[in-house]
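Coordinates in review
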Amino acid sequence: MEEVFERLLEKQEIKRTLEFIHQDEKLTLKEQIQLTEIPAPPFKEQKRAIKFQEMLIQHGLEHVHIDEEGNVFGKEKEQVMVRD
């Protein structure tokens, strides 16, 4: 298992992803705190879901919606690569 982990850490995509996570940590914690400060007792979580929906939209997700159970979903915008 360690060998597989070491090989993964050599990949540039993995390195970039881990760097992004590290750089984004403060914002992630700030947003988590904002969400958990919204009162949301069981089955009364609508205000928190609406706030999370707003956050996803602010981060550029598309088709963000809340389902009948109160789950929030969104989709990343597709990036089109142009080749010369």
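An account of the accompanying structure is given in this report. (Residues numbered from 1 in each chain as written. Predicted model: local features only at pLDDT ≥ 70, side-chain atom pairs only at ≥ 80, totals over all residues. Heavy atoms only, no water.)

Let's shift gears to the overall build of the protein. A tally of regular secondary structure across the protein gives three helices and two strands. Listed N to C, the secondary structure of the protein is α-α-α-β-β in terms of helices and strands. The C-alpha radius of gyration computed for the protein amounts to 17 Å, which surpasses the reference 12 Å derived for 84 residues by more than 25%, pointing to a less compact arrangement than a globule. Along the three orthogonal principal directions, the C-alpha set of the protein runs to about 45 × 40 × 25 Å. A total of 84 residues make up the protein; the buried ones form 13% of that total. Partitioning the intrachain contacts of the protein with sequence separation of at least 6 by distance along the chain shows that 6% fall at a separation of at least 24. Accessible surface, the protein: about 8,100 Å² in total, of which carbon and sulfur atoms supply 55%. Charge-centre separation for the protein: the mean point of 13 positive side chains lies 4 Å from the mean point of 19 negative side chains. (Helix = DSSP H or I, 4+ residues; strand = E, 2+ residues; numbered from the N terminus. Rg over C-alpha atoms; globule rule 2.2 N^0.38 Å. Buried < 20%, exposed > 50% of the residue type's maximum accessible area, 1.4 Å probe, protein only. Contact = heavy atoms within 4.5 Å. Areas by Shrake-Rupley, 256 points an atom, 1.4 Å probe, with all protein chains shown as cover. Lys, Arg positive; Asp, Glu negative; His and termini not counted. Charge placed at Lys NZ, Arg CZ, Asp CG, Glu CD.)

Within the secondary structure, Asp67 is located in the loop between strand S1 (62-66) and strand S2 (72-75). Of the side chains with opposite charge, Arg48 lies nearest to the buried Asp67, which makes no salt bridge, at 15 Å. A polar atom in the side chain of Asp67 sits 2.9 Å from the backbone nitrogen of Glu69. Reaching out from Asp67, the side chain makes a polar contact with the backbone nitrogen of Gly70 at a distance of 2.9 Å. (Salt bridge = Lys/Arg side-chain N within 4 Å of Asp/Glu carboxyl O. Polar contact = N/O pair within 3.5 Å; in protein donor to acceptor, adjacent residues only side chain to side chain.)

Let us look at helix H3 (residues 46-58). Between its first and last C-alpha atoms H3 spans 18 Å; for 13 residues at 1.5 Å apiece the expected length is 18 Å, and the two agree. Those residues of H3 that are buried lie in contact with helix H2 (12-36), S1 and S2. A positive backbone phi angle near 90° is found at Gly60, which sits one or two residues after H3. (Expected span 1.5 Å × (residues − 1).)

Relative to the elements of secondary structure, Phe20 occurs in helix H2. In this structure Phe20 comes out as exposed when scored by relative accessible area, which is 52%. A sequence separation of 18 residues divides Phe20 from Glu2, and the C-alpha atoms of the two residues are 23 Å apart.

Mapped onto the fold, Leu61 is located in the loop between H3 and S1. What makes Leu61 partly exposed here is its relative accessible area of 22%. For the pair formed by Leu61 and Lys75, sequence separation is 14 residues and the distance between their alpha carbons is 5.3 Å. Sequence-distant contacts of Leu61, defined by excluding residues within four places in its chain, comprise Leu56, Gly74, Lys75 and Glu76.

What follows is about the pairing of S1. With three bridges connecting them, S1 and S2 associate as antiparallel partners. Within S2, the residue paired with His65 across the bridge is Phe73. Counting the residues between successive antiparallel strands, the hairpin from S1 to S2 contains five residues, one of them, Gly70, with a positive phi of roughly 95°. (Pairing = 2+ DSSP bridges.)

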